[in-house]
Amino acid sequence: MGLPDTRFNVNLSILFTELPLLERPAAARAAGFTAVELWWPWVDAPVPEQAELDALRDALNDAGTRLVGLNFYAGQLPGPDRGALSVPGEESQKFRANVPVAIEFAKSLGCTAFNALYGNRVEGVDPAEQDALALENLAFAARAVGEVGGTLLIEALNAPESPKCPIVSAPKAIEIVDAVNAATGLDNAGFLMDLYHLSMNGEDLDEVIDRYTAKTAHVQIADNPGRGAPGTGDLDFEALLDRLKKAGYDGWIGLEYKPGDAPSASSFAWLPAPLRAAP
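Residues numbered from 1 in each chain as written. Predicted model: local features only at pLDDT ≥ 70, side-chain atom pairs only at ≥ 80, totals over all residues. Heavy atoms only, no water.

**Q** What is the right way to read helix α5 (residues 170-184) from this model?
**A** Within an α-helix, residues lying three or four positions from one another point in the same direction, as the helix has 3.6 residues per turn. Under the 1.5 Å per step criterion, the end-to-end length of α5 is 21 Å for 15 residues, consistent within 8% with the ideal 21 Å. Every buried residue of α5 is listed here: Ala170, Ala173, Ile174, Ile176, Val177, Val180, Asn181 and Thr184. Seen along its axis, α5 keeps its buried residues to an arc of 160 degrees; they face one direction. On its buried face, α5 sits against α4 (127-146), β5 (151-155), β6 (189-194), α6 (195-200) and α7 (205-212). (Helix = DSSP H or I, 4+ residues; strand = E, 2+ residues; numbered from the N terminus. Expected span 1.5 Å × (residues − 1). Buried < 20%, exposed > 50% of the residue type's maximum accessible area, 1.4 Å probe, protein only. Arc of directions from axis to C-beta. Contact = heavy atoms within 4.5 Å.)

Here's what the structure looks like:
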């Protein structure tokens, strides 16, 4: 694949998970990568012990890996949850408690991109009530992120795997991005374009890229079917990433795919070693 100008990062919450969390940054660096992203690592602790935060920060720094993206608390991920901020009660409260903690941690590592996953529909709760809560929490997060010059990311998931999540198309995610920016006036919310999820939804990826790249702040990739490495499915990533570049996208491409049964380090054969370190 001719991708010499693309900046790749590895998602350490789906790759290298055969290793303990604190060993993953060094493993990514050994595989040639200098940039990483993470889902919130402590699924049961939106506010973990400071020692745990310090240990992860040290592991990232010691490995020479740059953190370029971090999810806010999103419940059990991977697992049954798809976010927390639209879920009334304790989960929403956990999200709000997590926001300053995640921002402070990321800021200490130079990371300013934060993914805020919406959440599943809750039986017995009016969807309009959930949407109002979500907008309130997203605006809260966007204002907090704005204080560090950061970007709030809104991601569309896919309906087959996340049937209870209402954000399962690019147009819907863009609608939320626009609503948050209108609510805050900060214009610091952006679309997280995950090409795997959009492909699973049956969306026309070329059209999505052409229409929404201007509002896209981060891109993630995995092949489809299977959510494996590029080359294991049907998506033409060389063409897709080239189209993104031509549309004006020059940000990070997050590798958020499943490595299969082999160790994660063996899943990068599709990407020549000299192209793995971020330029």
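**Q** I would appreciate a short explanation of the pattern of salt bridges in the present structure.
**A** Enumeration over the complete set of coordinates arrives at 11 salt bridges. A salt bridge links Arg243 to Asp210; its shortest N-O distance comes to 2.7 Å. Here Arg243, found in helix α8 (residues 237-246), pairs with Asp210, found in helix α7; they are 33 residues apart in sequence, far enough to count as distant. When its relative accessible area of 47% is taken as the criterion, Asp210 is described as partly exposed. Note that Glu256 is salt-bridged to Arg227, the shortest N-O span being 2.9 Å. Highlighted residues: Glu256 in the segment after β8 (252-255) and Arg227 in the loop between β7 (216-221) and α8, separated in sequence by 29 residues. The exposure classification of Glu256 matches that of Arg227, with both residues buried. Salt bridges here are not isolated pairs; linked through shared partners, they connect Glu90, Glu91 and Lys94. (Salt bridge = Lys/Arg side-chain N within 4 Å of Asp/Glu carboxyl O.)

**Q** Just to check I follow, could you spell out the pairing of β6 for this structure?
**A** Note on strand geometry: in a regular strand, side chains alternate between the two faces of the sheet. Along β6, six of the six residues are buried, which leaves the element largely enclosed by surrounding structure. Taken together, the four bridges between β5 and β6 define a ladder with parallel strand orientation. Bridge assignment links Leu153 to a residue of β6, and that residue is Gly190. The handedness of the β5 to β6 crossover, carried by α5, is right-handed. In terms of strand pairing, β6 meets β7 through four bridges, oriented parallel. What sits directly across from Asp194, in β7, is Gln220. (Pairing = 2+ DSSP bridges. Right-handed = clockwise from strand over helix to strand, strands pointing away.)

**Q** When you look at the side chain of Glu37 in this model, what are you seeing that I'm missing?
**A** Within the fold, Glu37 resides in strand β2 (residues 35-38). One buried charge, Glu37, has no salt-bridge partner; the nearest side chain with opposite charge is Arg227, at 8.4 Å. Within polar-contact distance, the side chain of Glu37 engages the side chain of Asn9 at 3.4 Å. In terms of polar contacts, Glu37 uses its side chain to reach the side chain of His218, at 2.7 Å. Beyond its immediate stretch of four places on either side in the chain, Glu37 contacts Asn9, Val10, Asn11, Leu12, Leu67, Gly69, His218, Gln220, Gly254 and Glu256. (Lys, Arg positive; Asp, Glu negative; His and termini not counted. Polar contact = N/O pair within 3.5 Å; in protein donor to acceptor, adjacent residues only side chain to side chain.)

**Q** Just checking my understanding: could you explain the packing of aromatic side chains for this structure?
**A** Remark: the centre distance and the inter-plane angle together describe each pair of aromatic rings, the angle taken between the planes. Scanning the entire structure with this criterion turns up 10 aromatic pairs. Pairing Trp40 with Trp42 gives two aromatic rings, centres 5.1 Å apart and planes at 70 degrees, and the pair type is edge-to-face. Comparing Trp40 with Trp42, the two get one shared label, buried. Here the aromatic rings of Tyr257 and Trp270 are separated by 6.5 Å at their centres, their planes lie at 70 degrees, and the arrangement is edge-to-face. A residue pair is termed long-range when its members are at least 10 positions apart, and Tyr257 in the segment after β8 and Trp270 in the segment after β8 qualify at 13 residues. Of the two residues, Tyr257 and Trp270, both sit in the buried class. Of note, Arg7 hangs over the ring of Trp252, and the distance from its end group to the ring centre comes to 4.4 Å. (Phe/Tyr/Trp six-rings, centres within 6.5 Å; stacked < 30°, edge-to-face > 60°. Lys NZ or Arg CZ within 6 Å of the ring centre and 35° of its normal.)

**Q** Looking at this structure, I do not really get helix α3 (residues 90-107). What am I missing?
**A** Taking 1.5 Å as the rise per residue, α3 with 18 residues should run 26 Å; its terminal C-alpha atoms sit 26 Å apart, in good agreement. Largest kink in α3: about 35 degrees, centred on Asn98, with the proline Pro100 one to four residues after it. Regarding α3, the residues found buried are Glu91, Ser92, Phe95, Asn98, Val99, Val101, Ala102, Ile103, Phe105 and Ala106. Looking at the packing, one finds that the buried side of α3 touches α2 (50-63), β3 (66-71), β4 (113-115) and α4. (Bend = angle between axes of the 7 residues up to and from the residue.)

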